[in-house]
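Descriptive structure summary
The chain contents come next:
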Amino acid sequence: MQRERLRIGLFGYGCVGQGLHDIINSSGFDAEIVKICVKHGDKPRRLPARAFTLNRYDILDDSEINLVVELTNDAREAFNIVSGAMERGKMVVTAGKAMVANNLAALTDMQSRYGVPLLYEASACASIPVIRNLEEYYDNELLNSVEGIFNGSTNYILSKMESSGAGYHDVLREAMDNGFAESDPTLDVTGLDSKQKLCIITAHAYGLFPRPDDIFHTGIENITEHDIRYAREKGLRIRLVAHVSKCAADTITAFVMPRFVQSSDKLYHVKDEYNGVIAEGAFADRQFFYGKGAGGHATGCAVLSDISACSYGYRYEYKKRARGRVKKITNDHLTEIYLRYNLEEERRLFGFKEITEYFCGTGFRYVKGVVNLQTLYQNREAIRESGVFMVKI
Ligand code: HSE
């Protein structure tokens, strides 16, 4: 197969940009990074100043550059860069999950209009090739569900709190120092980053492009040692799990919540910054994908795989979207949760339909029971502000 010679314009030289640079240099991959566009010119960097520019048009208007790699941390800027590159007929690879999740329909239209590929494997679960597998291998209508740990930082925090008894803020700092967390780590710990990845995965699993705002998410920012101890005493672990599943032939449901997992569950054994994805098909049963979900080199590998795919003309076809079998997403879904809270009015936000366990301790209470996701979605702002901690059972 004839491969197109790649001349790359890179936007962003943070953790992933540097990781990609290392990988291209040491892998001998035949591509040239012609220019790197950064926001700040005064930072000390490993490369000579002539490698960088502050002016995006030095890349966008360079007709020799045929591939733009977008690795910035600003979703709005990223969208402008990506659309500017596509309008100019350049191929694009991005790791920007917020940008992709919030603009999937527009980005898909631009790919058809300008006839260029946009690949974003690195935007979901870093080194795990989940998007291309959903797009190609699972090119059918038989997926019952896709779920898993889609955020490396929160998994790092949860597994360190479990194994070493470390405090939440100390391990969050470690996740930041290791380059796993977002520049604004609230995106990780509140579950929003997992939800953006879930939207992208849903698009390729079911052909429906949900808006992040349509999906309920809750994170681990209010977790305490009580919750870790509760789980340990029952032989469980807590993992932040993103989930999408079919509930009727044309309907799916999706959410992000911490979950209690048992030792028989693959996700129980996913530790540190690793991610795990479980795809359940009607006939193939459950398949498990495991790999590093954050970090410059792990994410850089997924970016390089997309760069390589561009060189032989690969593009997503969005065949499931074209077939349009899945038409809607619903929050009308019953689920069992554990809720730790302080005030009765906090518990009322959840509209428990049935209570199976209740405990009142010093300074906190917890309850286990069945709720409708629809109620949680309707009260999502108040739930977020309340400081409670919930776990799906
Ligand atoms: N902050 C993200 C995570 C980086 O921790 O998973 C990879 O998307």
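The model shown is predicted, which means the values in this text are computed figures rather than measured ones.

How each quantity is defined
Residues numbered from 1 in each chain as written. Predicted model: local features only at pLDDT ≥ 70, side-chain atom pairs only at ≥ 80, totals over all residues. Heavy atoms only, no water. Near = heavy atom within 4 Å. Polar contact = N/O pair within 3.5 Å; in protein donor to acceptor, adjacent residues only side chain to side chain. Areas by Shrake-Rupley, 256 points an atom, 1.4 Å probe, with all protein chains shown as cover. Helix = DSSP H or I, 4+ residues; strand = E, 2+ residues; numbered from the N terminus. Buried < 20%, exposed > 50% of the residue type's maximum accessible area, 1.4 Å probe, protein only. Pairing = 2+ DSSP bridges. Domains from an automatic or database assignment. Contact = heavy atoms within 4.5 Å. Buried area = accessible area lost by both parts, 1.4 Å probe.

By nearness alone, every residue bordering the ligand is listed as Lys97, Asn151, Gly152, Ser153, Phe180, Ala181, Glu182, Asp188, Asp193, Lys197, Gly293 and Ala294. With respect to the ligand, the side chain of Asn151 contributes an N or O atom lying 3.4 Å from an oxygen atom. If the ligand stood free it would expose 260 Å²; the protein chains cover 93% of that surface. Within the residue set of the shell around the ligand, elements represented by two or more residues are helix H7 (152–164) and helix H10 (192–206).

Turning our eyes to something else, we now look at the pairing of strand E16 (residues 364–372). The buried fraction of E16 is high, at 8 of 9 residues. Here strand E14 (residues 334–341) runs beside E16; their pairing, made up of 8 bridges, is antiparallel. Bridge pairing in E16 places Leu334 opposite Asn372. Bridge count between strand E15 (residues 354–361) and E16: 7 bridges; the pairing is antiparallel. From the neighbouring strand, Tyr358 faces E16, where its bridge partner is Val367. The turn joining E15 and E16, which pair antiparallel and follow one another in sequence, is formed by 2 residues; a positive phi near 85 degrees is taken by Gly363.

A word on the domain arrangement of the protein. Domain parsing of the protein yields domain 1 (6–130 + 296–323) and domain 2 (138–292 + 326–392). The distance between the C-alpha centroids of domain 1 and domain 2 comes to 29 Å. Facing 25 residues of domain 1, the contacting portion of domain 2 comprises 30 residues. Approximately 2200 Å² of surface area, both sides summed, lies buried where domain 1 meets domain 2, with 65% of it carried by carbon and sulfur atoms. The largest share of the area that domain 1 buries against domain 2 comes from Lys97, Ile128 and Lys320, three residues that together contribute 31% of it. Across the domain 1-domain 2 interface, the total number found is 9 residue pairs in polar contact (both at pLDDT 80 or more). Taken together, the elements giving at least two residues each to the side of domain 1 that touches domain 2 come down to helix H4 (97–102), helix H5 (104–114) and helix H13 (319–323).

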